[in-house]
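Results of the structural survey
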Amino acid sequence: MTDFTPAQGIHHVTCIAGDPQRNMDFWTETLGLRLVKRSINQDDPSTYHFFFADAEGTPGTSMTFFPWENLSQGKVGSGQVSRTAFRVPEGSLDYWEDRFDEYGVDYDDRVERFGETVLPFRDPDGLPIELVAVEIPDDDPTVPWTAFVPEEHAIRGFHSVTLWLANPDSTMGLLRTMGLEEVGTEESPGDTPGDERTRFAAAGPVGKYVDVLPTIQAGRQGHGTVHHVAFQTPTDEDQDAMRRAVSGEGLSPTQQIDRHWFRSVYFREFNGVLFELATSDPGYDSDEPLDELGGRLVLPGKFASQREQIEAGLPDVTVPRTDAVEADD
Ligand code: ZN
């Protein structure tokens, strides 16, 4: 039993890309997400940090990238988030396959998993992604961005992440400590290495699931791999309680770090996956009006005074349309 608010689900997933323009174009124009923030890596200001999300940057919808051009191609393996899955409305997978044909996106045959249909594909860096068709409730917190993909087919935040782990038991214990509940185990069809997939569910409606698969296949961080996954701990109190619970498991979480749009705690879990706990506030519209998100390079805190120097060190990138689109026309 937990004596604190359990993790509400995935907050964001951060990945490593190569060419920044190709990354920008794919995640906005092809997949239809909104560029909600264009900033820099706060630990390496010579690199961009792009944030792609729903129309309002709702917690549980943002896929973020460090385009590190100098890094080499990575390899998905043990100790990594191996698959990142997004929700799309039921009945929209035909639309997505047609769109992938049109845009030349590399996708696989659909698979059934826990009673849902999954469409696996890869982004231009080879990052494994999935679309999962689900019923989106009327009161869903996500807000579709309709600049590129019609509302009835738009991506509606995260569905799940899949972890590939050498020793799943320790991580499964940690997920329970974080308040996730084991909801099922089934044979895993498709290209995954383990034979059994165990699913954990978080409390909230978006980014609800973490799947665990055993594998000893070694991985290597680089283009097309996930850097870390962040979980929603909405308030400082939630986060601090979770931080203490994780410490109690023998892990070594950082102190809280101000990431400008949320406050974060980081730790490597037992199998080496980098986990983050992120607050819901202040959010991506705390330093840009909602209808102008992504329109300019945002330099938080101490970096604001170095704008000229930072901009000179970044590659030129053309940004897709960033204007809000009326939902009713
Ligand atoms: Zn993060």
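To start, this report covers the structure provided alongside it. (Residues numbered from 1 in each chain as written. Predicted model: local features only at pLDDT ≥ 70, side-chain atom pairs only at ≥ 80, totals over all residues. Heavy atoms only, no water.)

1. Section: the packing of aromatic side chains
Evaluation of the coordinates by the stated rule reveals 18 aromatic pairs. Note on F231 and F275: the rings are 5.0 Å apart at their centroids and 65° apart in plane angle, and the pair reads as edge-to-face. Residue F231 is located in strand β13 (residues 225-232), and its partner F275 is located in strand β16 (residues 274-278); the two are separated by 44 residues in the primary sequence. On the basis of relative accessibility, which here comes to 1%, the residue F231 falls in the buried class. Aromatic rings pair up to connect F26, W27, Y48, F50, F52, F65, F86 and F158 into one cluster. Taking the ring centre of Y209 as reference, the NZ or CZ of R199 above it sits at 4.7 Å. (Phe/Tyr/Trp six-rings, centres within 6.5 Å; stacked < 30°, edge-to-face > 60°. Helix = DSSP H or I, 4+ residues; strand = E, 2+ residues; numbered from the N terminus. Buried < 20%, exposed > 50% of the residue type's maximum accessible area, 1.4 Å probe, protein only. Lys NZ or Arg CZ within 6 Å of the ring centre and 35° of its normal.)

2. Observations concerning the coordination of the zinc ion
Working reference: metal with six octahedral donors, ideal angles 90 or 180 degrees; metal with four tetrahedral donors, ideal angle 109.5 degrees. Those donors, H12 (NE2), H228 (NE2) and E276 (OE), are the protein atoms that reach the zinc ion, and they lie 2.0 Å from it. Along the chain, the residues donating to the zinc ion fall in the pattern H-x215-H-x47-E. Here H12 is found in strand β1 (residues 10-17), whereas its partner H228 is found in strand β13, with 216 residues between them in sequence. (Donors = N, O, S within 2.8 Å, 3.2 Å for Na, K, Ca; no water.)

3. So, the pairing of β1
Burial within β1 is extensive, with 8 of its 8 residues counted as buried. Pairing between β1 and β13: 6 bridges, direction antiparallel. Its bridge partner lying in β13, I10 is registered against F231. Relative to strand β4 (residues 62-67), β1 runs parallel, the two being bridged by 6 bridges. Opposite C15, over in β4, you have F65 as the bridge partner. (Pairing = 2+ DSSP bridges.)

4. A closer look at the nonpolar core
With 67 residues, the main nonpolar core has W27, W96, L131, M178 and F275 as its most contacted residues. The residues touching L131, leaving out its near neighbours within four places in the chain, are F86, V88, L93, W96, F100, T117, V118, L119, F121 and I155. A230, W261, F262 and A278 belong to the second largest nonpolar core, which has 10 residues in total. (Core = buried A, V, L, I, M, F, W, Y, C linked by side-chain atoms within 4.5 Å. Contact = heavy atoms within 4.5 Å.)

5. Some words on the sheet that holds strand β3 (residues 44-53)
Within the open sheet, the 8 strands sit side by side as β2-β3-β4-β1-β13-β16-β15-β14. Their pairing is mixed. Here the strands that pair on one side only, and so sit at the sheet edges, are β2 (34-41) and β14 (257-258). Pairing of β3 with β4 involves 3 bridges; the strand directions are antiparallel. Bridge pairing in β4 links F50 to F65. Against the sheet, helix α1 (residues 20-30) contacts β1, β2, β3 and β4, and its axis sits at roughly 10° relative to β3. (Axes fitted to C-alpha atoms, helices over the stretch in contact; angles between N-to-C directions.)

6. Quick word on a negative patch on the surface
Taken together, the side chains of E90, E135, D138 and D139 present a region of like negative charge at the surface. Considering the arrangement of structural elements, one finds E135 in the loop between β8 (128-134) and β9 (158-165). (Patch = residues over 30% accessible without salt bridge, like charges linked within 9 Å, V, L, I, M, F, W, Y side chains within 5 Å. Areas by Shrake-Rupley, 256 points an atom, 1.4 Å probe, with all protein chains shown as cover. Salt bridge = Lys/Arg side-chain N within 4 Å of Asp/Glu carboxyl O. Lys, Arg positive; Asp, Glu negative; His and termini not counted. Charge placed at Lys NZ, Arg CZ, Asp CG, Glu CD.)

7. Some remarks on the pattern of salt bridges
The tally for this structure, following the rule as stated, stands at 18 salt bridges. Here D287 and K37 are joined by a salt bridge, their closest N and O atoms 2.6 Å apart. Here D287, found in the loop between β16 and α5 (307-313), pairs with K37, found in strand β2; they are 250 residues apart in sequence, far enough to count as distant. Owing to a relative accessible area of 0%, K37 belongs among the buried residues under this scheme. For D106, the salt bridge goes to R122, with nearest N and O atoms at 2.7 Å. Note that D106 is positioned in the loop between α2 (93-103) and β6 (111-113) and R122 in strand β7 (residues 116-122), a separation of 16 residues in sequence. A residue is classified by how much of its surface remains accessible, and D106, at 44% relative accessible area, is partly exposed.

8. Details of the layout of surface pockets
Its boundaries defined by the atoms lining it, the largest pocket holds a volume of some 250 Å³. Residue lining of the largest pocket: 20 residues in total, with D43, H49, F66, R259 and Y266 positioned closest to the centre. A per-element tally of the lining of the largest pocket places β3 first, with 3 residues. Broken down by class, the residue content of the lining of the largest pocket amounts to 8 nonpolar, 8 polar and 4 charged. (1 Å grid on protein atoms, 1.4 Å probe; cavity = no way out; pocket = protein on both sides within 12 Å on 5 of 7 lines; lining within 4 Å. Points joined across faces, edges and corners; volume = space filled by probe spheres on them. Nonpolar A, V, L, I, M, F, W, Y, C, P; charged D, E, K, R; others polar.)

9. Quick notes on the sheet that holds strand β11 (residues 196-201)
Across the sheet, 8 strands lie side by side as β6-β7-β8-β5-β9-β12-β11-β10; this open sheet has mixed pairing. Looking at strand neighbours, the two that pair on one side only are β6 and β10 (181-187), the edges of this open sheet. Each adjacent strand pair in this sheet contributes to an overall mean axis angle of 30°, direction not counted. Bridge analysis of strand β5 (residues 80-89) against β9 gives 6 bridges, and the strand direction is antiparallel. Bridge pairing links T84 to V161 in β9. Along the sheet, α2 contacts β5, β7 and β8; its crossing angle with β7, the most-contacted strand, is approximately 15°.

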